[in-house]
Structures are given as structure tokens and as C-alpha cells.
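Notes for the structure review
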Amino acid sequence: MHMGRQYLPGNEQGLARSGSDPSWKCICLLSGFHSRTIYSVAWCQPTGALATACGDDAVRVSEKDPSSDPQQPTFSLTAHLHQAHSQEVSCVGWSPKEPGLRASRSDDLLEVSAA
């Protein structure tokens, strides 16, 4: 999974831009955590955690390593819910009101849990 950062024209990082459209640069690659297709990714703004819904029936949560460079962050797997559902997990999301409360969706049912 690639993570990117948006750079606007005249950015302070000095990334050359032409025109008025922003550009994106890959700053991080999360690999080795998923054995099948990732169907959904959700970012928890208050905590910074990333949740992924995967075709291997699992939900994973990753968090940015506190000592990593903000321009090239590294992430660690902090939770792996094996068999979060009995079928492929198709969607994952975070509560907009309660930090850390996660919901996932599969063809079998909807599950809500704290991460």
C-alpha cells in the first residue's frame, strides 16, 4: 500500500511544480502485512491510526512510529484481527465521534469494536 503527500505549487519543501495543480509524491510503502487484496483503508484523524480491510478475512491497524521522519514515515502493525469476519472484509471505518472505535463490513455481518 502506497502512502502519498500532496504538494501545492510554491511548497516549502521545494518540490518543483508547474501550473496550479497539486502533485502527489509517494512517501511511504506499507508492505508485508497483507496476504491478499486490500479492499478498504481508513485513517483515524485523532489517533493517526490506519485500518485496512483485506480479502483474507482480517482487519489490521497500523500506527506511525513516533521517532520516524515526517517526510518519510514508517509504520508498525499494532493490531491484527485474524478472521475478523467469516468472509472477505470489504470495508473498514473509524467513528467520527469516538477516537479508536472502528467498524468493519463483510458479506456476513457488520462488526463494531474498539481498536
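Within an unreviewed UniProt entry, the label attached to the protein chain reads Putative cytosolic iron-sulfur protein assembly protein CIAO1, and the organism entered is Fukomys damarensis.

Before going further, it helps to examine unusual backbone geometry. With a phi close to 70°, Asp-57 is a non-glycine residue in the positive phi region. Mapped onto the elements, Asp-57 comes out in the loop between β4 (50–54) and β5 (59–64). Its identity as a non-glycine residue notwithstanding, Gln-83 has a phi of 50°, on the positive side. Its place among the elements puts Gln-83 in the loop between β6 (75–81) and β7 (89–94). Given the relative accessible area of 68%, Gln-83 is considered exposed.

In space, the four strands of this open sheet follow the order β3-β4-β5-β6, with antiparallel pairing throughout. The open sheet is flanked by β3 (38–43) and β6, the only strands paired with a single partner. For this sheet, the mean angle separating the axes of adjacent strands, direction not counted, is 20°. With six bridges joining them, β5 and β6 adopt antiparallel strand pairing. Paired with Ser-62 across the bridge in β6 is Leu-77.

Taken as a class, soluble globular proteins show a tendency for nonpolar side chains to be buried jointly. If you look at the biggest cluster of nonpolar residues, it comprises eleven residues: Ala-42, Cys-44, Ala-49, Ala-51, Ala-53, Val-59, Val-61, Ala-84, Val-89, Val-92 and Trp-94. Only β4, β5 and β7 provide two or more residues apiece to this core. Among the elements that make up this core, the one with the highest residue count is β7 (three residues).

For Asp-56, the location among the structural elements is in the loop between β4 and β5. Accessibility expressed as a relative area gives 18% for Asp-56, which makes it buried. Separated by 31 residues in sequence, Asp-56 and Gln-87 place their C-alpha atoms 7.8 Å apart. With residues near it in sequence (within four places) discarded, Asp-56 still touches Ser-35 and Arg-36. Of the polar contacts made by the side chain of Asp-56, one reaches the backbone nitrogen of Ala-58; its length is 3.2 Å. Within the structure, the side chain of Asp-56 is placed 2.6 Å from the side chain of Arg-60, a separation counted as a polar contact.

For a regular strand, side chains alternate in direction, first toward one face of the sheet and then toward the other. Extensive coverage of β4 is indicated by the burial of five of its five residues. Residues Leu-50, Thr-52 and Cys-54 line one face of β4 and the alternating positions Ala-51 and Ala-53 line the opposite face, and both faces are buried. Where β3 meets β4, five bridges bridge the pair, whose relative direction is antiparallel. Paired with Trp-43 across the bridge in β4 is Leu-50. Counted along the chain from β3 to the antiparallel partner β4, the turn is six residues long, and its residue Gly-48 has a positive phi close to 80°. Counting the residues in the hairpin turn of β4 and β5 gives four residues, including Asp-57, whose phi is positive at 70°.

Conventions used here
Residues numbered from 1 in each chain as written. Predicted model: local features only at pLDDT ≥ 70, side-chain atom pairs only at ≥ 80, totals over all residues. Heavy atoms only, no water. Helix = DSSP H or I, 4+ residues; strand = E, 2+ residues; numbered from the N terminus. Buried < 20%, exposed > 50% of the residue type's maximum accessible area, 1.4 Å probe, protein only. Pairing = 2+ DSSP bridges. Axes fitted to C-alpha atoms, helices over the stretch in contact; angles between N-to-C directions. Core = buried A, V, L, I, M, F, W, Y, C linked by side-chain atoms within 4.5 Å. Contact = heavy atoms within 4.5 Å. Polar contact = N/O pair within 3.5 Å; in protein donor to acceptor, adjacent residues only side chain to side chain.

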